[in-house]
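One-letter residues, chain by chain:
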Amino acid sequence: MSTVTAPAHERPLVSHVVADVIAERSEVTFGIMGNGNAFLVGRLVDLGHRYVKARHEAGAMSMSQGFYLSTGRVSTTTTTYGPGYTNTLTVLAEAALAKTPMVLVVGAGPRTPRAFDIDQTAVATAMGVTTLTVDESNAARLTHEAYDLAARDLKPVIVSIPYDIAEIPAASQQPRGEIEPKVTVRPDAGDVERAAELLRGAQRPLIITGRGALLADSRDEVKSVGDKLNALFASSVMARNYVGSDWDLGIAGGFATIGAVELMRQADVVLVLGASMNLFQMRYGTLLPGAREIIQVNLEEQPTHPDVTFHVRSDIAEFARSLDSHLVDHHANSDWRSEHPEVADQSIHRPLELKKTDSVGRINPRALAWRLNELLPSERTIVQDGGHFLGWLAMYADSPDPHGLQHPGLTFHGIGFGFPTAVGAALARPDRLTVLTCGDGGGMMTLPDLETLVREVPKSIVVVFNDSAYGMEIHQYHQRGIDEEPMVFSNVDFAGIATAVGARGVRVTELEQLDVITEFVTSDASGTLLLDVQISPEIIAEYVVEKVEYEERLKASH
C-alpha cells in the first residue's frame with residue numbers, strides 16, 4: 001500500500017515541525033529572532049508556547065541555565081546563525097562543562113556554504129557539544145532525540161536548521177527513535193562492606209555530598225547513614241542543604257565559614273558522595289588534613305583526587321541504600337555531634353567580628369550578606385553572578401534547598417551571567433522570590449537583560465556589590481606588583497540605570513537603608529528593586545587569600 005504525501009501547500013514547514021516538538025517537550029523557550037529562526041519563533045508564538053524575548057543571545061542561554069538550576073527540567077534556547085550563534089558560545093561552554101542539559105535550536109547557513117558562513121558544527125564539537133542537523137524528513141525525530149540526549153547525558157544539545165530548508169514544506173516524518181537508557185552501576189558487595197567497616201571505626205566521620213548525590217535522589221538513605229554514624233555533613237556548592245540535616249556544616253571548600261572549616265579539618269574518616277573534590281572544594285589541599293581515610297563514591301573509573309584512599313565506582317543511590325543496610329544494627333563510636341551543639345544551632349557560622357564598614361566608611365560585604373539573610377524571605381532563589389563578592393552569601397545566607405542557591409559561570413570561571421540567569425530562575429519558580437547578586441563588573445556585562453528581568457518577572461530583587469573594580473583581579477594581582485589601573489572603574493550609577501528601565505533603584509551607603517527590602521517584600525508592590533550597594537574594596541574573602549597563598553606555594557616549589 002503506497003503512502004500518499006499531502007500537497008506541498010498543505011504540509012508544515014520544516015521549521016514548524018521542529019517548533020511543534022519544542023512545544024511538546026519544553027515549557028518555555030528563550031531566544032532572539034533572526035533570519036535563521038524566524039519561522040520557528042513565529043510558529044511557537046502561534047502555538048501559544050511561552051516565548052521569552054532576550055536582549056542578547058548569551059543571555060537567552062543563561063536564562064535556560066537558570067531555569068534548569070531552579071527545577072531540574074530542560075528548557076529551550078533559540079538563535080539565528082552566524083553572530084547569533086557565536087554570541088552563545090561562552091554560556092554554551094559553561095553548560096557543557098557544568099553538565100547542564102538544555103536544547104539550543106539554531107539557524108545554520110545553507111547546505112552549500114556562503115562566504116560568510118562558519119562551520120558551526122565544528123565549533124560545537126570543539127566544546128564537546130553534539131549538533132543534530134535536521135532535514136525535510138528527520139526534523140521531528142532529531143528534535144525529540146535532542147531532548148532525550150540532553151536529559152540522559154546532562155549536556156546541551158544543538159538542533160541545527162539549515163537556512164535553505166527552514167521554510168520549505170516538510171516531507172513525511174521518520175518515526176521517533178529510542179535512545180539507550182543510562183546504565184545503572186551497582187556497587188560491589190565487598191566494596192560496600194569495606195566502606196562500612198571504615199566508617200564504623202570513625203570517631204569524627206564527615207559525609208560530603210555533591211551534585212551526583214543530588215541527581216541520584218538519595219537524600220533519605222544518605223541522611224540515615226549519617227545519623228547512624230553520628231556524622232556531620234557538608235556539601236559542594238551544587239548540593240547545598242541537600243540532606244536537610246541539623247548537623248550540616250554547609251558548603252565544603254572555599255565558601256565554607258571559618259568555624260565550619262575548622263571542624264571539617266578534624267574529620268578522621270570522610271565519605272564523599274558524588275562530589276568532584278576539585279581544587280576549590282578541597283580548599284587548595286587544606287580541607288581534610290586530619291583524615292586517615294577518604295572514601296569517594298562516583299561513576300568515574302578512577303578517583304578524582306590523589307588523597308582518596310578508597311574509591312567505589314557506583315550509582316550514588318545504589319551505594320547509599322546498600323551502605324545503610326550494612327549499618328542497620330550499628331551503634332556509633334562517634335560523639336562528634338554532642339560535642340558540637342554549635343553546628344545544630346548554626347552559631348558556628350557567626351563571624352568573630354562584624355564591623356559595618358571599612359576604614360573609609362564603605363559597607364563591609366560580610367555584614368551586608370549577614371543582613372540580607374535576615375531581611376530576605378526564607379522562600380528564595382539566590383542567583384549569584386561571578387566575582388570576588390560571590391562567596392559572601394554562600395557563607396552567610398540560607399537557601400531552602402540546592403535549587404535555592406545558584407552560581408552560573410562558576411565551572412567555566414566566568415562572570416557576566418547574572419541578570420539573564422535570574423530571569424530563567426524566576427520564571428521557573430514563581431513561588432519563590434528571586435534575588436540576584438552581582439558585582440559591578442559582571443553586572444555591566446549583562447546589563448541589557450536587566451530590562452528583560454524588569455519586563456518578564458513580576459517581583460525580584462537585585463543587589464549590586466559595587467566596589468567600582470574587578471575586585472578578584474585586584475586582590476590577586478595588585479599585591480604582585482601589577483598596576484591596578486586596568487582593574488578599576490569610575491562608579492556606575494546602577495540605581496539610576498535601573499530606574500531608567502522601569503525598576504526601582506536605591507543607592508545604599510549604610511546598612512540601615514536595606515530596610516527597604518522589608519517594605520518591598522511585605523507590600524503588594526510588584527517590579528524589580530535594585531540596590532546599588534557601595535561595598536568596601538579593602539575586605540578580602542578568605543578563599544581569595546587562600547588561592548593567593550596556594551599559588552605562592554606553587555611558585556616557591558618551582
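Residues numbered from 1 in each chain as written. Predicted model: local features only at pLDDT ≥ 70, side-chain atom pairs only at ≥ 80, totals over all residues. Heavy atoms only, no water.

Novice: Explanation requested: the pairing of strand β7 (residues 205–209) in the structure shown.
Specialist: Put simply, side chains in a regular strand alternate between the two faces of the sheet. With respect to burial, β7 is a largely interior element, 5 of its 5 residues being buried. Here β7 shows no split at all, with Pro205, Ile207 and Thr209 on one side and Leu206 and Ile208 on the other all buried. Where β7 lies against strand β10 (residues 269–273), 5 bridges are found, and the strand directions are parallel. Across the sheet, proline 205 pairs through a bridge with valine 269, a residue of β10. (Buried < 20%, exposed > 50% of the residue type's maximum accessible area, 1.4 Å probe, protein only. Helix = DSSP H or I, 4+ residues; strand = E, 2+ residues; numbered from the N terminus. Pairing = 2+ DSSP bridges.)

Novice: It is not clear to me how the nonpolar core should be interpreted in this structure. Could you clarify?
Specialist: Side chains of nonpolar character tend, in soluble globular proteins, to be buried together. Membership of the largest hydrophobic core comes to 42 residues, with the highest contact counts inside it found for Leu368, Trp392, Ile461, Phe465 and Leu531. Elements with a contribution of two residues or more to this core: α15 (365–375), α16 (391–396), β15 (433–439), β16 (459–466), β17 (504–508), α22 (516–522), β18 (527–534) and α23 (542–557). No other element matches the 6 residues that α15 contributes to this core. Beyond its immediate sequence surroundings of up to four residues, phenylalanine 465 is in contact with Pro365, Leu368, Leu372, Phe389, Trp392, Leu393, Thr437, Cys438, Gly439, Asp440, Val533 and Ile535. Listed in part, the 30 residues of the second largest apolar core include Ala202, Leu271, Val312 and Leu327. (Core = buried A, V, L, I, M, F, W, Y, C linked by side-chain atoms within 4.5 Å. Contact = heavy atoms within 4.5 Å.)

Novice: Mind showing me how you'd approach the side chain of histidine 144 here?
Specialist: Relative to the helices and strands, histidine 144 is located in helix α7 (residues 139–153). A polar side-chain atom of histidine 144 sits 3.1 Å from a polar atom in the side chain of arginine 25. Dropping the residues within four chain positions of it, histidine 144 is found in contact with Val21, Glu24, Arg25 and Arg176. (Polar contact = N/O pair within 3.5 Å; in protein donor to acceptor, adjacent residues only side chain to side chain.)

Novice: Looking at this structure, how should I read the sheet that holds strand β6 (residues 156–162)?
Specialist: Note on sheets: strands pair through backbone hydrogen bonds, and any given pair is parallel or antiparallel. The parallel open sheet is built from 6 strands, whose spatial order is β2-β1-β3-β4-β6-β5. Unpaired on one side and paired on the other, β2 (50–53) and β5 (130–133) mark the two borders of the sheet. When strand polarity is set aside, the average angle formed by the axes of neighbouring strands in this sheet is 25 degrees. Pairing geometry for strand β4 (residues 102–108) and β6, over 7 bridges, is parallel. (Axes fitted to C-alpha atoms, helices over the stretch in contact; angles between N-to-C directions.)

Novice: Just to check I follow, could you spell out the pairing of β10 for this structure?
Specialist: Counting buried positions along β10 yields 5 of 5 residues, so the element is predominantly enclosed. Along β10, one buried face is formed by Val269, Leu271 and Leu273 and the opposite face, lined by Val270 and Val272, is buried too.

Novice: Would you mind showing me how to read the pattern of salt bridges here?
Specialist: Within this structure, the stated rule accounts for 37 salt bridges. Among the salt bridges present, the one from glutamate 546 reaches arginine 283, with a minimum N-O distance of 2.7 Å. Placement of the pair is glutamate 546 in helix α23 and arginine 283 in the loop between β10 and β11 (293–298), with a sequence separation of 263 residues. The burial state of glutamate 546 is the same as that of arginine 283; both residues are buried. With a closest N to O distance of 3.7 Å, arginine 313 and glutamate 301 form a salt bridge. Of this pair, arginine 313 sits in strand β12 (residues 310–313) while glutamate 301 sits in the loop between β11 and β12, placing them 12 residues apart in sequence. (Salt bridge = Lys/Arg side-chain N within 4 Å of Asp/Glu carboxyl O.)

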